[in-house]
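What the coordinates show
The primary structure of each chain is shown beneath.
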Amino acid sequence: MALYEKISEDIKSAMKARDKVRLETLRNIKKVFIEAKTAPGANDKLEDADAMKILQKLAKQGHETAQTYIDNNRQDLADEELAQAKIIEEYLPKPLSEAELEAAVKEIVASIGAQGMKDMGKVMGVASKQLAGKADGRAISTIVKKLLA
């Protein structure tokens, strides 16, 4: 089942369970998915890879917004944002640990035959595609720099 259909089914389940936070979060996700499907050039299709990118972006925005609320002493609003981010993260693959990420990047470096920092762009391109959804770009970049230095 495609991610778009799974979200639609989970909206129905949230309605039946009267789970307001989950329902609001899932409706927001579906709204963003529909906007992506109807964007110029999308041809009314939303691939799961694109949906994952959208979910990652929404989860990241939720955490950043929550941090802003915490910085401004609004823990009540931060808790709402974190609850929504947690629901979004349920649909994302489990992130890699730092050791798993480093092992994956080492494998990519070996397969490309990267020699030094001049090959960072090549490694980042492959790593970003292979590890999409499993690791943050900043974490990937840090490990690539460490391995190529």
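Residues numbered from 1 in each chain as written. Predicted model: local features only at pLDDT ≥ 70, side-chain atom pairs only at ≥ 80, totals over all residues. Heavy atoms only, no water.

**A look at the layout of surface pockets**
In this approach the atoms are scanned with a rolling probe the size of a water molecule, which exposes any empty space left behind. Estimates place the volume of the largest pocket at around 380 Å³. Taken together, 16 residues line the largest pocket, and the ones lying closest to its centre are Gln 56, Leu 92, Gly 133, Ala 135 and Asp 136. Looking at side-chain class alone, the lining of the largest pocket contains six nonpolar, four polar and six charged residues. (1 Å grid on protein atoms, 1.4 Å probe; cavity = no way out; pocket = protein on both sides within 12 Å on 5 of 7 lines; lining within 4 Å. Points joined across faces, edges and corners; volume = space filled by probe spheres on them. Nonpolar A, V, L, I, M, F, W, Y, C, P; charged D, E, K, R; others polar.)

**Here we look at the packing of aromatic side chains**
Applying the stated rule across the entire model yields one aromatic pair. Consider the rings of Tyr 4 and Phe 33, whose centres lie 6.4 Å apart with planes at 35 degrees: the pair is tilted. Here the residue Tyr 4 occupies a position in helix 1 (residues 3-17), and Phe 33 occupies one in helix 2 (residues 20-37), the gap between them amounting to 29 residues. On the basis of relative accessible area, Tyr 4 is assigned to the buried category, the value being 18%. Phe 33 sits in the buried class, given a relative accessible area of 0%. (Phe/Tyr/Trp six-rings, centres within 6.5 Å; stacked < 30°, edge-to-face > 60°. Helix = DSSP H or I, 4+ residues; strand = E, 2+ residues; numbered from the N terminus. Buried < 20%, exposed > 50% of the residue type's maximum accessible area, 1.4 Å probe, protein only.)

**Observations concerning a negative patch on the surface**
Taken together, the side chains of Glu 5, Glu 47, Asp 48 and Asp 50 present a region of like negative charge at the surface. Of note, Asp 50 is situated in helix 3 (residues 48-71). Taking relative accessible area as the criterion, Asp 50 reaches 36% and is therefore assigned partly exposed. (Patch = residues over 30% accessible without salt bridge, like charges linked within 9 Å, V, L, I, M, F, W, Y side chains within 5 Å. Areas by Shrake-Rupley, 256 points an atom, 1.4 Å probe, with all protein chains shown as cover. Salt bridge = Lys/Arg side-chain N within 4 Å of Asp/Glu carboxyl O. Lys, Arg positive; Asp, Glu negative; His and termini not counted. Charge placed at Lys NZ, Arg CZ, Asp CG, Glu CD.)

Function-wise, these values are silent; they only describe arrangement.
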